[in-house]
Amino acid sequence: MDVLDLARLQFAVTGSLHFLFVVLTLGMAPLVAITQTRHAITGRPVFERMTRFWGQIYVINYALGIMTGLVMEFQFGLSWSGLSHYAGDVFGAPLAVETLVAFFLESTFLGLWIFGWHRLPKWLHLACIWLVTLTAYASAFWIMVANSFLQNPAGSRVLPDGRLTLDDSGALLTNPSLLFSFPHVVGAGLLTGGLVLAGASAYHLLRRHAERELFTRSMRQGVVCATVGAFLTAAFGYAQFAAVAQVQPGKFEGNVLAGVSLGFMVLLGELFLFVCLFFLLPVVAWLPKWRWTHPVLIALTPLPFVAAILGWIAREVGRQPWLVNGRLTVEDALSPGLTQGMITGSLIVFTALLGLLAVVDYVLIARTVRRGPEAAFLGVAAADPATPGPAPAMRL
Amino acid sequence: MDLLWYAVLVLLLGGYFALEGSNIGLGMLLPALGRDQPGRDRLVAAMAPFVLAGEVWLVAAVGVLFGAFPQLEGEVIFALYPLVVALLAGWVVRDAGLWFRRRVEGPRWRAFWDGALCAGSWVLALAWGFALAAIAGGLHGPVITLPGALGALVVAAVLAFHGRTWAAWRLPDAIPGGTPGGMSDATPGGVRGGGRAGWALCGSAALAALPAVLPLAVAAPAVLEHAAPSQTLSMVGLMVVPFVPFMVAAQVGVWRIFGRRRSRDAGTPSFF
């Protein structure tokens with residue numbers, strides 16, 4: 001492999017790892033927020049246990065989202081400085097807004113939410129998780145603005161020195177590549193979050209966990225959320241074809257990997273829509289009692305992650321050989337002076353480190369699911385006798 | 001306009017060193033200040049609520065670099081290639097230590113991730129030192145140099161000092177030199193010590209920000225030359241300005257809620 005292939009592989013590996021965690025974050029954030037709202041309104045303890053259990057899974061998942069996201073942000077400068085040289089005046093703007101506003105607020109409010117249990121007033125603590133949710137979706141929006149610019153450099157014009165400049169920020173934000181892809185990504189998140197809730201609840205209901213009400217509610221909530229997600233994903237997935245035909249004709253015809261990924265993603269999407277709309281949703285009231293369906297729900301859980309990665313492969317590989325479609329090739333965007341040694345070194349460091357941590361994170365998520373709500377550590381109260389933490393009166 | 005964005009960049013990077021620098025420094029000193037596991041748990045619990053709100057300052061600084069000075073972003077990050085890779089690796093390992101250390105019970109698991117927290121913090125501090133020295137030197141030639149090593153030692157020392165000062169402010173009875181004696185928040189001695197410790201903390205925060213702000217001041221003419229056109233700067237400004245009050249409120253909220261005077265509910269187990 002040459003330098004270009006290695007640089008692309010590094011971006012693909014870190015980007016795919018990042019999205020695996022982001023897609024679940026997007027799906028689970030509103031579910032946790034809704035559950036906590038129900039607890040705030042009704043005061044019923046089951047909603048608090050639900051919030052803490054799913055919230056802990058959400059938060060453990062979030063950890064890898066941050067770590068992979070940091071590497072993503074710096075990688076533009078490391079391997080693709082040609083992009084910021086050529087199109088930075090346009091491409092940098094949405095990324096700046098994403099980091100400066102959306103992520104800054106998301107991370108700060110998440111810290112307040114995680115460590116604010118039993119410290120913040122109830123409604124302020126609830127507001128924190130809603131703000132985390134809102135800013136997570138704002139983050140996704142601005143990242144999709146930046147990505148859609150690469151698919152179709154709308155709102156920009158070429159300067160006499162050959163570089164791109166921002167011409168019309170309205171056109172940047174109403175890019176045909178963005179309008180249907182953003183709701184598609186939102187749908188994919190809801191689908192993933194919903195199926196994870198349903199699958200994990202199925203696991204415990206199948207094993208006759210004592211928290212029957214908690215998992216019954218969670219399964220129903222998950223199925224409804226997954227159905228909404230599957231519907232949005234499929235509808236806005238198909239709607240994108242018109243825009244793709246307009247701005248990137250032949251995107252999936254000339255490229256085998258993009259075409260095959262697209263095909264299998266569509267297949268999985270149709271499977272989700274079919275299963276959710278015609279099977280899971282109509283019987284959602286009885287589903288928690290029908291134990292024979294639970295292995296199916298468990299088996300479905302990993303599939304939205306596969307579909308999400310296939311979707312990104314189709315979108316990004318289909319853009320090749322362009323980095324900015326029709327304007328800048330990936331070859332020209334490569335940092336001038338990037339050597340085989342440099343890119344090999346960073347590829348090994350990032351892949352090994354993030355790959356290993358991703359495995360650890362998934363083992364921890366699986367472990368948290370398996371141990372159930374009674375072992376949830378997030379938001380545990382000081383007076384709780386089940387507290388696994390250290391005694392408060394310790395000295396150094 | 002470009003001058004304003006430059007000020008924002010300096011503010012964000014300086015803020016990162018002042019606010020997150022103490023967490024990095026505390027991570028570096030974790031085995032020295034926390035001799036046993038309960039001691040380390042207590043130190044990590046003290047910094048935990050501040051980490052998420054601290055590291056966003058650097059993410060935002062790089063975002064501003066990308067949005068307002070895009071030409072520079074590619075050049076600077078690429079010129080510092082091995083250091084940026086080391087910095088990211090250190091940052092990720094440090095964060096993994098924080099997020100994972102309490103996820104499984106058992107002394108060996110926690111000791112392992114405490115080791116990751118400490119090692120990651122050291123790599124982060126040293127990589128920053130090399131990088132800031134290279135930026136101060138104008139980014140000519142190799143980035144691993146003798147002045148770079150000196151810069152690394154200075155930054156590591158400054159951050160460690162800041163971390164220790166922060167710990168003395170946040171956990172006065174836990175740190176030698178802090179005000180000894182039980183839950184000192186409630187005692188008059190603790191309050192007096194708090195005032196002194198507060199001023200010491202402001203001083204060490206300013207000291208920690210200095211190694212970041214100075215090279216940026218030296219590089220100011222070169223940075224300003226590379227500003228994005230005004231159309232881009234206005235668009236980013238238009239999107240950011242309405243949210244500044246929220247950003248300030250959230251950051252102030254973190255310090256008000258988890259700051260020194262509110263440590264009465266220290267019995268609540270920390271998530272990190």
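In this text, all values refer to a predicted model and were calculated from it rather than measured experimentally.

### Details of the overall build of chain A
Okay, step 1: Along its length, chain A carries 13 helices and four strands.
Okay, step 2: Taken over the C-alpha atoms alone, chain A extends approximately 70 × 60 × 40 Å along its principal axes.
Okay, step 3: A buried classification covers 61% of the 396 residues belonging to chain A.
Okay, step 4: Accessible surface, chain A: about 14,700 Å² in total, of which carbon and sulfur atoms supply 70%.
Okay, step 5: Across chain A, the mean location of the 24 positive side-chain charges is 17 Å away from that of the 20 negative side-chain charges.

### Focus: the interface of chain B and chain A
It is common to give the size of an interface as the accessible area that goes away when the parts come together.
Okay, step 1: Counting residues at the interface gives 72 residues for chain B, matched by 84 residues for chain A.
Okay, step 2: Carbon and sulfur atoms make up 78% of the surface buried where chain B meets chain A, a total of about 7,100 Å² over both sides.
Okay, step 3: Broken down residue by residue, the surface that chain B buries against chain A is led by Phe66, Tyr81 and Phe271 of chain B, which jointly contribute 10%.
Okay, step 4: Our count for the chain B to chain A interface comes out at one salt bridge.
Okay, step 5: We note a salt bridge from Arg371 of chain A to Glu105 of chain B, for which the minimum N-O separation is 3.5 Å.
Okay, step 6: Across the chain B-chain A interface, the total number found is 12 residue pairs in polar contact (both at pLDDT 80 or more).
Okay, step 7: Broken down by secondary-structure element, the contributors of at least two residues to the side of chain B that touches chain A are helix 1 (2–28), helix 3 (37–68), helix 4 (70–79), helix 5 (81–100), helix 6 (107–136), helix 10 (230–240) and helix 11 (244–258) of chain B.
Okay, step 8: Among the elements that make up the side of chain B that touches chain A, the one with the highest residue count is helix 3 of chain B (18 residues).

### Quick word on the environment of Gly318 of chain A
All names here are of chain A.
Okay, step 1: With respect to the element layout, Gly318 can be found in the loop between helix 11 (303–317) and strand 3 (322–324).
Okay, step 2: Classification of Gly318 as buried rests on a relative accessible area of 12%.
Okay, step 3: Note: C-alpha distance between Gly318 and Tyr58 (260 residues apart in sequence) is 32 Å.

### Some remarks on the state of the cysteines
Okay, step 1: By the definition in use, this model includes zero disulfides over all chains.
Okay, step 2: Of all cysteine sulfurs, the one in Cys276 of chain A lies closest to Cys225 of chain A, which takes part in no disulfide; the gap is 9.8 Å.

Calculation notes
- Residues numbered from 1 in each chain as written.
- Chains lettered and ligands numbered in written order.
- Predicted model: local features only at pLDDT ≥ 70, side-chain atom pairs only at ≥ 80, totals over all residues.
- Heavy atoms only, no water.
- Helix = DSSP H or I, 4+ residues; strand = E, 2+ residues; numbered from the N terminus.
- Buried < 20%, exposed > 50% of the residue type's maximum accessible area, 1.4 Å probe, protein only.
- Areas by Shrake-Rupley, 256 points an atom, 1.4 Å probe, with all protein chains shown as cover.
- Lys, Arg positive; Asp, Glu negative; His and termini not counted.
- Charge placed at Lys NZ, Arg CZ, Asp CG, Glu CD.
- Contact = heavy atoms within 4.5 Å.
- Buried area = accessible area lost by both parts, 1.4 Å probe.
- Salt bridge = Lys/Arg side-chain N within 4 Å of Asp/Glu carboxyl O.
- Polar contact = N/O pair within 3.5 Å; in protein donor to acceptor, adjacent residues only side chain to side chain.
- Disulfide = S-S within 2.5 Å.

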